[in-house]
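# Observations on chain architecture
Here's the letter readout for the chains.
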Amino acid sequence: MPTFEIGDTDFLLDGRPHQVVSGALHYFRVHPEQWADRIRKARLMGLNTIETYVAWNFHAPERGRFDLDGPRDLGRFLDLVAAEGMHAIVRPGPYICAEWDNGGLPAWLLADPEVGVRRHEPRYLAAIAQYYDQLLPLVAERQVTRGGPVIAVQVENEYGAYGDDHDYLRALIAMNRERGIEVPLLSCDQADDEMQARGSVPELHRTVTFGTRAKERLELLRRHQPTGPLMCMEFWDGWFDWWGQPHHVAPAEMNAQDLDDLLALGASVNLYMFHGGTNFGFTGGANDKHTYQPITTSYDYDAPLAEHGAVTAKWHAMREVISRYAPVPEELPADPAPAPELAVDLDRRVPFAAALPVLGEPAAWDHLPTTDELGHWTGFTLYRTRVTADDRALTLAEVRDRALVALDGEPVGVLSRTEHSRTLALPARAGELTLLVEDQGRVNYGPRIGEPKGLIGPARTATREVTDWAVTPLRLDGVEPALADLLAAAPAVDAVVPVAGPAFLRGTFDTVAGADHFLRTDGWGKGLVWVNGFLLGRYWSAGPTATLYVPGPLLRAAGNELVVLELHGAAEARVTFVPGPDLGSSEV
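Residues numbered from 1 in each chain as written. Predicted model: local features only at pLDDT ≥ 70, side-chain atom pairs only at ≥ 80, totals over all residues. Heavy atoms only, no water.

On to the overall build of the protein. Along the protein, the regular secondary structure elements total 13 helices and 36 strands. By the compact-globule yardstick of 25 Å for 588 residues, the protein fits well, its C-alpha radius of gyration being 25 Å. Across its three principal axes, the protein shows a C-alpha extent of roughly 75 × 50 × 40 Å. In the protein, which comprises 588 residues, the share counted as buried stands at 61%. Within the protein, contacts between residues at least 6 apart in sequence are counted, and of these 78% link residues at least 24 apart. If you sum the accessible surface of the protein, you get close to 21400 Å²; carbon and sulfur atoms cover 51% of it. Across the protein, the mean location of the 52 positive side-chain charges is 2 Å away from that of the 81 negative side-chain charges. (Helix = DSSP H or I, 4+ residues; strand = E, 2+ residues; numbered from the N terminus. Rg over C-alpha atoms; globule rule 2.2 N^0.38 Å. Buried < 20%, exposed > 50% of the residue type's maximum accessible area, 1.4 Å probe, protein only. Contact = heavy atoms within 4.5 Å. Areas by Shrake-Rupley, 256 points an atom, 1.4 Å probe, with all protein chains shown as cover. Lys, Arg positive; Asp, Glu negative; His and termini not counted. Charge placed at Lys NZ, Arg CZ, Asp CG, Glu CD.)

Rendered as structure tokens:
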């Protein structure tokens, strides 16, 4: 029977010392028809293992639903890893961070204030048990001990940065073992003495996260892990981006030297990331270390394999380093074909207000509700109320995270969490006040995990508290059939006519079927883009990214549909596809 074990100084694969050279590749950030390509390029770089998180909320977007099909087919992903002759490390959380919405924790679970987040609390543990019941059997049957690729499973994630409830960690260990997980169980914490002490227990094999100074960080790990193999579970070879800041870059030469230092010490490694991918839809999270920072749609991460699957200078540099310690395949992957260039006129447009009846149903509230109270866990929500000429201003306790404010359809201004604005002057007249509120991503790291979204009350004007509200959760995950019909039936409009937002726009185009595309978004303000009904994600003139990646499998030769929701406005209703990505100005 194959085995993978913790030895006195090394990992032992079938009893022989084994250095794990792994790369992070999140199946939920890659189109499933591209999984095999990305895995193969990991092997050709010299990696022997693929690591992936499992995002609980990706599989369970609603209470009582658990989905393992299509883009959520983790079993198929692991089978493709095995078919490439590689091993796998699975990190199912339940908390993962990963710059993913809510750190992977379901918002519906944490909407209950009695649930104890990331601690030994009965409601929380019972939900995790149900999650594990549905997930772990497919992992267990793919363990190396049963002829599969899985050599290790991680429990929780960087727990020492959050808590120190060791009873909680032991409960997770017991749940894993009870559900058939036989391979080593790992913990993962930063290179910090306090975090290492808080974040693990002796029943877990400790690993560490860092990007530089390998010798120093591994010595720290050895103090907390006196025996057994040393492993950097997250070797940070890049960094994530958030809106309004430069694109982060880590020089390839520096990464390669740090990796060489690490491997020369005999340690195992997991490159975070090998391939970043994309935060499609509303899946990107937000960091909040005293400042709310929503994550961009692109999760390129300056990784060795770019967002669209192209090898980079960093891929070659790291491959050369790995070749000093293990055999590397001679084969090199072919460069992807250049993406098509074309312009698309969005010649159909519908004002947002006209589309509202097909996007959701309003409900009356006698107080200002959060979106969690509505059972609406992501995306956009419309709040409406009446104001008088004497109200003069609106003040909210907090906006989570951005609200377009209008009076009788005329824009009044924007309230924004990132700009710390929660008060807005109102025209001195009566009318219907609307606030189109965008959840820009639930916090994925730190003490604000699990906080509710939407407008946080009380809401006050210059004269009173506003308690009468009509609130509409908006269905925007895909293009609703009724919205598609509405756009198709709209009269044609010349593309050169300026766009006044918020509005939906639609155009069609023919192209090369199956080819990757890059949609240029500069010249537009802020909004969403769908291609053939699939929500690519958000764009924003705040940058840094100026393109949206369109995976080739989404596209056919003729009759592709492009839909844009522009919140502010644009000089013209024309978009272009360009040959490659534009991730914006860089910051090293």
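Resuming the write-up.
Scanning the model with the defined rule gives 47 salt bridges in all. Its salt-bridge partner being Arg142, residue Asp79 comes within 2.8 Å of it at the nearest N-O pair. In this pair, Asp79 is assigned in helix α3 (residues 74-83) and Arg142 in the loop between α5 (122-140) and β7 (150-154), connecting sequence segments 63 residues apart. By relative accessible area, Asp79 is classed as partly exposed at 37%. The class for Arg142 is buried, based on a relative accessible area of 14%. The salt bridge involving Arg324 is made with Glu320; its shortest N-O contact spans 2.4 Å. (Salt bridge = Lys/Arg side-chain N within 4 Å of Asp/Glu carboxyl O.)

Now for the packing of α5 against helix α6 (residues 166-178). Contact geometry of α5 with α6 gives a least axis separation of 10 Å together with a crossing angle of 30 degrees. As judged from the angle between their axes, α5 and α6 are roughly parallel. Handedness of the crossing formed by α5 with α6: right-handed. On α6, the residues that touch Tyr124, Leu125, Ile128, Ala129, Tyr132 and Leu136 of α5 are Tyr168, Ala171, Leu172, Met175 and Asn176. (Axes fitted to C-alpha atoms, helices over the stretch in contact; angles between N-to-C directions. Parallel < 35°, antiparallel > 145°, perpendicular 65-115°, else oblique. Left-handed = near helix turned anticlockwise from the far one by under 90°.)

Checked against the element boundaries, Arg38 lands in helix α1 (residues 35-45). Excluding its chain neighbours within four sequence positions, the residues that come into contact with Arg38 are Leu25, Val30, Phe274, His275, Leu305, Glu307, His308, Gly309 and Tyr549.

Turning next to the pairing of strand β5 (residues 49-53). Burial analysis of β5 places 5 of its 5 residues in the buried class, the great majority of the element. Side-chain alternation along β5 places Thr49, Glu51 and Tyr53 on one buried face and Ile50 and Thr52 on a second face that is also buried. Across 3 bridges, the pairing between strand β4 (residues 21-25) and β5 is parallel. Following the sheet pairing, Ser22 is matched in β5 by Thr49. Chirality of the crossover, the property in question, places the unit of β4, α1 and β5 among those that are right-handed. The pairing of β5 with strand β6 (residues 87-91) spans 5 bridges and is classified as parallel. Within the sheet, the bridge partner assigned to Tyr53 lies in β6 and is Arg91. (Pairing = 2+ DSSP bridges. Right-handed = clockwise from strand over helix to strand, strands pointing away.)

This part is about the sheet that holds strand β2 (residues 11-13). Pairing is antiparallel in the open sheet, where 3 strands are placed in the order β1-β2-β3. The open sheet has two edge strands with one neighbour each: β1 (4-6) and β3 (16-18). The sheet shows a mean angle of 40 degrees between the axes of neighbouring strands, taken without regard to direction. Two elements, β1 and β2, share 3 bridges in a ladder whose sense is antiparallel. Residue pairing in the sheet places Ile6 in a bridge with Phe11 of β2.

This paragraph deals with the packing of α1 against α3. In the contact formed by α1 and α3, the axes pass within 10 Å of each other and the chain directions differ by 35 degrees. Between α1 and α3 lies a crossing whose hand is right-handed. Contact with α1, carried on its side by Trp35, Ala36 and Ile39, involves Arg76, Phe77, Leu80 and Val81 of α3 and no other residues of that element. Residue classes in the contact of α1 with α3 are distributed as 6 nonpolar, no polar and 1 charged. (Nonpolar A, V, L, I, M, F, W, Y, C, P; charged D, E, K, R; others polar.)

Turning to the pairing of strand β21 (residues 410-416), a few remarks are in order. As judged from the 6 bridges shared by strand β20 (residues 402-407) and β21, these two strands associate in the antiparallel manner. Looking at the pairing, Arg402 lines up with Ser416 of β21. Linking β20 to β21, which pair antiparallel, is a turn of 2 residues; within it Asp408 sits at a positive phi near 50 degrees.

The subject of this paragraph is empty space enclosed by the protein. What the rule picks out here adds up to 6 cavities of 30 Å³ or more. Along the walls of the largest cavity sit Thr278, Thr297, Ser298, Glu307, Phe518, Thr545, Thr547, Leu548, Tyr549, Pro581 and Leu583, which together make up its complete lining. Sorting elements by how many residues they give to the lining of the largest cavity places strand β32 (residues 547-550) first, with 3 residues. Each residue belonging to the lining of the largest cavity can be placed in one class, and the counts come to 5 nonpolar, 5 polar and 1 charged. (1 Å grid on protein atoms, 1.4 Å probe; cavity = no way out; pocket = protein on both sides within 12 Å on 5 of 7 lines; lining within 4 Å. Points joined across faces, edges and corners; volume = space filled by probe spheres on them.)

Moving on, we get to the layout of surface pockets. The computed volume of the largest pocket comes to approximately 1200 Å³. Along the walls of the largest pocket sit 43 residues, with Pro61, Arg72, Thr283, Thr378 and Asp477 positioned nearest its centre. Those elements giving two or more residues to the lining of the largest pocket turn out to be α2 (56-59), α4 (107-110) and β31 (534-540). Taken together, the residues of the lining of the largest pocket sort by class into 22 nonpolar, 11 polar and 10 charged. Considering only enclosed or pocket space, the second largest pocket measures out at about 530 Å³ in volume. Phe352, Ala406, Gly409, Thr434 and Pro502 are the residues nearest the centre of the second largest pocket, which is lined by 26 residues in total. Of all the secondary structure elements, the ones that give two or more residues to the lining of the second largest pocket are α11 (352-355), β18 (380-387), β20, β21 and β23 (431-438). For the lining of the second largest pocket, the leading source of residues is β21, giving 4 residues. Considered class by class, the residues forming the lining of the second largest pocket number 16 nonpolar, 7 polar and 3 charged.

Next up on the list: the environment of Ile181. Inspection of the secondary structure assignment puts Ile181 in the loop between α6 and β8 (185-190). Given the relative accessible area of 2%, Ile181 is considered buried. With 45 residues separating them along the chain, Ile181 and Leu136 place their C-alpha atoms 7.6 Å apart. For Ile181, the residues in contact, after removing those within four places along its chain, are Leu136, Val139, Ala140, Gln143, Val153 and Asn176.

Leu483, Ala484 and Leu487 are the residues of helix α13 (residues 481-489) that are buried. Seen end-on, α13 carries its buried residues on one side only, within an arc spanning 100 degrees. Set apart from the buried face of α13 by more than 90 degrees, the exposed residues are Pro481, Asp485 and Ala489. Those residues of α13 that are buried lie in contact with β16 (348-351), α11, β28 (503-509) and β33 (560-566). (Arc of directions from axis to C-beta.)

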